[in-house]
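Examination of the molecular architecture
Below, each chain spelled out in residue letters.
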Amino acid sequence: MYRILIISIILICISINGKLSMAQDFVAGLKAFKGQDYKVAYQQFIPLAEAGDIRAQTYIGMMHFNGLSVPRNFEIAANWYEKAADNGHPHAQFYLGWMYDMGKGVEKDNGLAFQWFESAALQGHPRAQNNLGVMYFKGEGVDKNHLIAQMWYMISASKGMMEATENMHVLMKTLDSKQVAQVKQMVRKCLTSNYTMC
């Protein structure tokens, strides 16, 4: 019994130490990335990404997308974004949605673009919220709905997204006062429910 307890404590300590080490590696990678030392950032992020760290996977995707210390490769970027997006990382979901929307690194697919934008938007990602509004406005990947488009524009604009503010003002000119009141109520409901009732 005593031996099992000692072994358990040792395993817990090893696990905690490993997690602390991974956190320190991520911070070192992030510091290098922000300092534009992309080679060091990549060296710090890649083992974490391969171990399943969704933050590191997103940064590795970004580095491949932009050609930062590695050759620009949209397909590899999409692969890394998808790994992180599948596990709920909103930035990865946004970037993957954008890639499906534009057909960069993946085959253009409005349905998948909508799905990924919506996943990120429901986690509060302002750029995804604007892009989701655009998809509702145009009827791409979803049925056209100007009221829902305006709701997402308003939510995104409230977070400082200039493009959403412009989209909101353009669409506002086409809505009557009853529709505007309805959209404001939709925005309130969406925000007060923490995106569960949008």
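I will try to describe carefully the structure that is included in this document. Sequence order as written defines the numbering, with residues in each chain counted from 1. Local features in this predicted model are restricted to residues of pLDDT 70 or higher, and side-chain atom pairs are both shown and tallied only at a pLDDT of 80 or more, whereas totals for entire chains, interfaces and linings draw on every residue. With hydrogens and water excluded, all non-hydrogen atoms of the structure serve as input to the side-chain values.

**So, the packing of helix α5 (residues 90-102) against helix α6 (residues 110-121)**
The condition that has to hold: Axis angles are defined between N-to-C directions and span 0 to 180 degrees, where every axis is a line fitted to C-alpha atoms and, for a helix, only to the segment in contact. By definition, any uninterrupted DSSP run of H or I lasting at least four residues is a helix, any uninterrupted run of E lasting at least two residues is a strand, and each is numbered from the N terminus. For classification purposes, angles smaller than 35 degrees are called roughly parallel, those larger than 145 roughly antiparallel, those between 65 and 115 roughly perpendicular, and all remaining angles oblique. Here a crossing is called left-handed whenever its near helix is offset anticlockwise from the far helix by less than a right angle, and right-handed whenever the offset is clockwise. Should any heavy atoms of two residues lie within 4.5 Å, those residues are considered in contact. Amino acid classes used here: Ala, Val, Leu, Ile, Met, Phe, Trp, Tyr, Cys and Pro are nonpolar; Asp, Glu, Lys and Arg are charged; the rest, including Gly, are polar.
One way to put it is that α5 packs onto α6 with a least axis distance of 8 Å and a crossing angle of 160°. Taken together, the axes of α5 and α6 lie roughly antiparallel to each other. Crossing of α5 against α6: the hand is left-handed. Residue-level contacts link Pro90, Gln93, Phe94, Leu96, Gly97, Trp98, Tyr100 and Asp101 of α5 to Asn110, Leu112, Ala113, Trp116, Phe117, Ser119 and Ala120 of α6. Classifying every residue of the contact of α5 with α6 gives 10 nonpolar, 4 polar and 1 charged.

**Section: the nonpolar core**
To be explicit about the condition: The definition of a nonpolar core used throughout is a set of buried Ala, Val, Leu, Ile, Met, Phe, Trp, Tyr and Cys residues joined through side-chain atoms within 4.5 Å. The buried label applies to any residue whose accessible area, calculated with a 1.4 Å probe on protein chains only, is under 20% of its type's maximum; exposed applies above 50%, and partly exposed to all values in between.
Counting residues in each nonpolar core, the largest one holds 61 residues, and the members touching the most others are Phe33, Phe45, Tyr81, Met99 and Trp152. With 8 residues, helix α8 (residues 146-157) is the single largest residue contributor to this core. Aside from chain neighbours lying at most four places away, what touches Met99 is Phe65, Phe74, Ala77, Ala78, Tyr81, Lys104, Gly105 and Val106.

**A closer look at the environment of Leu122**
You can see Leu122 is positioned in the loop between α6 and α7 (126-138). Sequence separation between Leu122 and Met197 is 75 residues, and the spatial gap between their C-alpha atoms is 9.6 Å. The contact partners of Leu122, leaving out residues within four places of it in the chain, are Trp152, Tyr195 and Cys198.

**Some remarks on unusual backbone geometry**
The phi angle at Gln36 is positive, at roughly 60°, despite the residue not being glycine. Secondary-structure assignment places Gln36 in the loop between α1 (2-34) and α2 (38-50).

**Things to note about the packing of aromatic side chains**
For clarity, the cut-off: The pairing test for Phe, Tyr and Trp rings, Trp by its six-membered ring, is centres within 6.5 Å, and the orientation test on the planes gives stacked under 30 degrees, edge-to-face over 60, and tilted for anything in between. Only when the NZ of Lys or the CZ of Arg is both within 6 Å of the ring centre and within 35 degrees of the ring normal is a charge said to sit over the ring.
Tallied over the full model, the rule gives 11 aromatic pairs. Look at Tyr81 and Tyr95: their rings are 5.3 Å apart centre to centre, the planes differ by 20°, and that puts the pair in the stacked class. Pair noted here: Tyr81 is in helix α4 (residues 74-86) and Tyr95 is in helix α5, with a separation of 14 residues, a long-range link. On the basis of relative accessibility, which here comes to 2%, the residue Tyr81 falls in the buried class. According to the relative accessible area criterion, Tyr95 is partly exposed, its value standing at 23%. The structure contains a cluster of three or more aromatic residues connected by ring pairs, namely Phe26, Phe33, Tyr38, Phe45 and Tyr59. Across from the ring centre of Phe26, 3.9 Å away, lies the NZ or CZ of Arg55, which sits over that ring.

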